[in-house]
Amino acid sequence: MTVTTDAPPTMPTSADEARLWSLIEAAWAELGPEPLALRRALVERDPADDDGDDGPSYAMDDWLDRFLDRLGHLCAELTGPELTDLDRVVERKLHDIDREDVHEVTDGSDDGFLYCRGFIVALGRGYYEAVRADPAMALPDAECESMCYFFAHLHNDRFGSWPETGSGISRESFGNPAGWSA
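Heads up: these notes are all about the structure in this document. (Residues numbered from 1 in each chain as written. Predicted model: local features only at pLDDT ≥ 70, side-chain atom pairs only at ≥ 80, totals over all residues. Heavy atoms only, no water.)

1. Focus on the nonpolar core
The condition that has to hold: Note on terminology: a nonpolar core comprises buried Ala, Val, Leu, Ile, Met, Phe, Trp, Tyr and Cys residues joined through side-chain atoms within 4.5 Å. Working definition: with a 1.4 Å probe on protein chains only, accessible area under 20% of the residue-type maximum means buried, over 50% means exposed, and in between means partly exposed. Per the convention used, a helix needs a DSSP run of H or I reaching at least four residues, while a strand needs a run of E reaching at least two, with both numbered from the N terminus. Any two residues whose heavy atoms approach within 4.5 Å at even a single point are treated as in contact.
Formed by 48 residues in total, the largest nonpolar core has its most connected members in Trp28, Phe67, Leu71, Phe119, Met147 and Phe151. Elements that contribute at least two residues to this core include exactly α1 (14-29), α2 (33-44), α4 (61-74), α5 (80-96), α7 (110-122), α8 (125-133), α9 (145-148) and α10 (150-159). Considering each element in turn, this core owes the most residues, 7 residues, to α7. Not counting residues within four places of it along the chain, the set of residues in contact with Met147 comprises Ile24, Phe67, Leu68, Leu71, Val90, Gly118, Val121 and Ala122.

2. Some details on the packing of aromatic side chains
Quick note on the threshold: Any pair of Phe, Tyr and Trp rings, taking the six-membered ring for Trp, is counted once the centres come within 6.5 Å. Such a pair is stacked with planes under 30 degrees apart, edge-to-face with planes over 60 apart, and tilted for the rest. Two conditions define a charge located above a ring, namely a distance within 6 Å from the ring centre to NZ of Lys or CZ of Arg, and an angle within 35 degrees of the ring normal.
Following the criterion strictly, the structure yields 8 aromatic pairs and no others. The rings of Phe113, Phe174 and Trp180 are connected pair by pair, giving a single aromatic cluster. Cation over ring: Arg66 sits above Trp63, and NZ or CZ is 4.1 Å from the ring centre. If you follow Arg117 out to its NZ or CZ, it ends over the ring of Phe113, 4.7 Å from the centre.

3. Quick word on α7
The condition is simple: Helices are assigned an expected span. That span is 1.5 Å times one less than the residue count.
When the terminal C-alpha atoms of α7 are compared, their 19 Å separation across 13 residues agrees well with the 18 Å that a helix rising 1.5 Å per residue should span. Restricting attention to buried positions, one finds in α7 the residues Gly112, Phe113, Leu114, Tyr115, Cys116, Arg117, Gly118, Phe119, Ile120, Val121 and Ala122. Positive phi shows up at Gly124, right after α7, with a value of about 105 degrees.

4. Re the side chain of His103
As for its position among the elements, His103 is in helix α6 (residues 100-106). Residue classification places His103 among the buried positions, given a relative accessible area of 16%. Those residues within four positions of His103 in sequence are excluded, and the remaining contacts are Gly108, Phe113, Phe174 and Trp180.

5. Description of the pattern of salt bridges
Cut-off, in case you're wondering: When a carboxyl oxygen of Asp or Glu lies within 4 Å of a side-chain nitrogen of Lys or Arg, that pair is called a salt bridge.
Considering all chains together, one arrives at 12 salt bridges under this definition. Between Arg88 and Asp85 there is a salt bridge, with the nearest N and O atoms lying 2.9 Å from each other. Here Arg88 pairs with Asp85, and both are found in helix α5, just 3 residues apart, close to one helical turn. Among the residues examined, Asp85 registers a relative accessible area of 22% and is labelled partly exposed.

6. A few points about unusual backbone geometry
Here the phi dihedral of Asp141 falls at roughly 65 degrees; this positive angle occurs in a residue that is not glycine. Residue position: Asp141 is located in the loop between α8 and α9. Residue Asp141 is classed as exposed on the basis of its relative accessible area, which comes to 62%. Backbone geometry at Phe174 places phi at a positive 65 degrees, although glycine is not the residue there. With respect to the helices and strands, Phe174 occurs in the segment after α10. Given the relative accessible area of 35%, Phe174 is considered partly exposed.

Take it as geometry only, folks, not as evidence of what the structure does.
Printed below as a string of C-alpha cells:
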C-alpha cells in the first residue's frame, strides 16, 4: 500500500535494519545447524548449476514455518512502534528487489513475485545481498508469503491496527519504478 502525505517519507534506520537481520538470524539459529548449512549452500552455490528437486532451495521449504514460528516468539514483547519499524525495513527490502532482473529469475505473477521476494528476505541478509548483487542467485518458485507482511500481521494481531510505515513506497510487485524498464 502506498501512503500519500505531504510529509517526507520515513526511511528505515540502520539500527532498525540491523535489528531485522539480527532477529532473522536468531530465529534461524534456534533451529540448529541444518538450516544454517542449507542457507549457506544457497549463498555459496553457483547459480548456473540447477540444484534439482533435492537441492537446498527445496529443502528450505521444510524449515520456513518453523523459522516464522521462532521469529514470532522472538518478537513477542516488541511494542507497536518497534513492529512498525521492522515492517518498514521489510517493506523497503521488498521494494528494493522489486526489479525486472530479479523477476526474470523468479518469475511469478504479481503475488507470486512478492512471495519470492519474501523468501529472499526470510533467508537473511547474506542471501538477500547475494540476490541484490546478482539476481541469478534468486530461485524460481521459492516463496515465503508470510514474510512479506509478517510484522504488519503481528502489529495487527496485538494492537488491532495495521502499522503506518510512512515510507511512501509499496512492497507490492511492480511498484518500484526504478526497477523496471519503461
